[in-house]
Amino acid sequence: MVDIAMIEAARTRLGGRARRTPLLSSPFLDEIAGRRLFVKAECLQHSGSFKFRGGWSAVSALEQAVRARGVIAFSSGNHAQGVALAAKLHGIPSLIIMPTDAPKLKIANTRAFGAEVVLYDRIKEDRDEIGARISKERGLTLIKPFDEPEVIAGQGTTGLEIAEQADEEGIDAASVLVPCGGGGLTSGIALALESRAPGLKVHPCEPENFDDTARSLASGKIERNAVPQSSICDAIMTPHPGNITFPILKRLCGHGLVVTDEEAQKAMALAFTRLKIVVEPGGAVALAAALFHGKEIDGDTVIAVTSGGNVDTDVFEAALSRH
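The rules behind each value
Residues numbered from 1 in each chain as written. Predicted model: local features only at pLDDT ≥ 70, side-chain atom pairs only at ≥ 80, totals over all residues. Heavy atoms only, no water. Helix = DSSP H or I, 4+ residues; strand = E, 2+ residues; numbered from the N terminus. Buried < 20%, exposed > 50% of the residue type's maximum accessible area, 1.4 Å probe, protein only. Contact = heavy atoms within 4.5 Å. Pairing = 2+ DSSP bridges. Axes fitted to C-alpha atoms, helices over the stretch in contact; angles between N-to-C directions. Salt bridge = Lys/Arg side-chain N within 4 Å of Asp/Glu carboxyl O. Domains from an automatic or database assignment. Buried area = accessible area lost by both parts, 1.4 Å probe. Polar contact = N/O pair within 3.5 Å; in protein donor to acceptor, adjacent residues only side chain to side chain.

Once that is clear, we can look at the environment of Ile171. Within the secondary structure, Ile171 is located in the loop between helix 8 (149-168) and strand 7 (174-179). For Ile171, a relative accessible area of 6% puts it in the buried group. Taking C-alpha positions, Ile171 is 10 Å from Ile303, a pair spaced 132 residues apart along the chain. Ile171 has contacts with Arg36, Phe38, Ala166, Leu200 and Thr301, leaving out every residue within four places of it along the chain.

The side chains of a regular strand alternate between both faces of the sheet. Within strand 10 (residues 301-306), six of the six residues are buried, leaving the element largely enclosed by the surrounding structure. The alternating pattern of strand 10 places Thr301, Ile303 and Val305 and Val302, Ala304 and Thr306 on opposite faces, both of which are buried. Sheet topology note: the strand 7/strand 10 ladder contains three bridges and is parallel. Along strand 10, the bridge assignment pairs Val176 with Ile303.

Take unusual backbone geometry next. Located in the positive-phi region is Ser47, a residue other than glycine, with phi close to 70 degrees. Summarising the element assignment, Ser47 is placed in the loop between strand 2 (36-41) and helix 3 (51-61). One non-glycine residue, Lys276, lies in positive phi territory at about 65 degrees. The residue Lys276 is located in the loop between helix 12 (261-275) and helix 13 (285-292) in this model. Note on Lys276: relative accessible area 64%, which makes it exposed.

Right, let's talk about the sheet that holds strand 8 (residues 200-207) for a bit. Pairing is mixed across the open sheet formed by six strands, whose spatial order is 1-2-10-7-8-9. Looking at the sheet topology across the chains shown, the edges are occupied by strand 1 (23-25) and strand 9 (257-259). Averaged over all pairs of adjacent strands, the angle between their axes in this sheet comes to 30 degrees, without regard to strand direction. By the bridge criterion, three bridges tie strand 1 to strand 2 in an arrangement that is antiparallel. Along strand 2, the bridge assignment pairs Ser25 with Phe38. Running at roughly 155 degrees to strand 7, helix 9 (residues 184-196) makes contact with strand 7, strand 8 and strand 10 of the sheet.

Applying the stated criterion to the full structure yields 18 salt bridges. The salt bridge involving Arg53 is made with Glu161; its shortest N-O contact spans 3.0 Å. On the criterion of sequence distance, the pair formed by Arg53 in helix 3 and Glu161 in helix 8 is long-range, its members being 108 residues apart. Relative accessible area serves as the criterion here: at 5%, Glu161 is assigned to the buried category. The partner of Arg322 in a salt bridge is Glu262, with the nearest N and O atoms 2.5 Å apart.

A few words on the domain arrangement of the protein. Each assigned domain of the protein is listed with its residue range as follows: domain 1 (4-49 + 149-322) and domain 2 (52-142). Buried surface at the junction of domain 1 and domain 2, summed over both partners, amounts to about 2100 Å²; 53% is from carbon and sulfur atoms. Here domain 1 is connected to domain 2 by four salt bridges. If you look at where domain 1 meets domain 2, you find 17 residue pairs in polar contact (both at pLDDT 80 or more). Only helix 1 (4-14) and helix 8 provide two or more residues apiece to the side of domain 1 that touches domain 2. Per element, the largest residue contribution to the side of domain 1 that touches domain 2 is eight residues, and it comes from helix 8.

Now for helix 13. Across the eight residues that make up helix 13, a large majority, seven, are buried. Residues of helix 13 that are buried: Val285, Ala286, Leu287, Ala288, Ala289, Ala290 and Leu291.

As structure tokens, this is what we get:
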């Protein structure tokens, strides 16, 4: 359902809108990782995460009359902000369904982008049911966070940039580590690299207790996480891989990597100290895997995506003070 042509088309629509985020490096991080380490800083993207790419791609792909009625999305924060900002720039209304325990910064930012925010209890309520009901009542178009072809295509533009930047650095073989929730970013990057840089192999990275993708890749079928569980990595606390994303992950990705919350915190602190970037816990899991799970990674070069930087002050301060 998603191919390189869709990703290229999404890139055309994103032209002049999305930032070409940098590929950063530090000799200090290379030493810890035990190999060359590059960091694709999507935390510097508009709205503070890669989600702006998918949000703009999906909103801009709608027929004008449909788009004018407005859009609806559900998210713990980054997809919320990406869709809300895309809707604002298109001059259309948006309604975002967010869990009550989402970071305050993400809720505030989503409202600041002009979205109406509806909060729900992620343990007791079903966000899919809420989204379907409100969408039908108000005539809004639902933009899913990862299991949506145009969203995947938009996220895949990150992979096109990685391919180009790797070529600029003379990299023709590397492990590409990607924070993974439902798999939209991971599958999009994998599709782009399959076409543009086949020597770069994608590995999804997840926090412990939310390693559904790693287990699904190992078993060959979609596995679910037990509930309730908790993690500081709110951005990627999804119950299972998507029905659209998993076949792509299964075909193109290598084994998954799993990190602890403590390792994610360490990666946040090192990203700030050595690269001068702010990364949220969920956005730091790929960097944590690169730094602390080197024995599970092949090759002498690794590219880690830091997928978002929308972190509450107290959470960020805790990471810095501990590490």
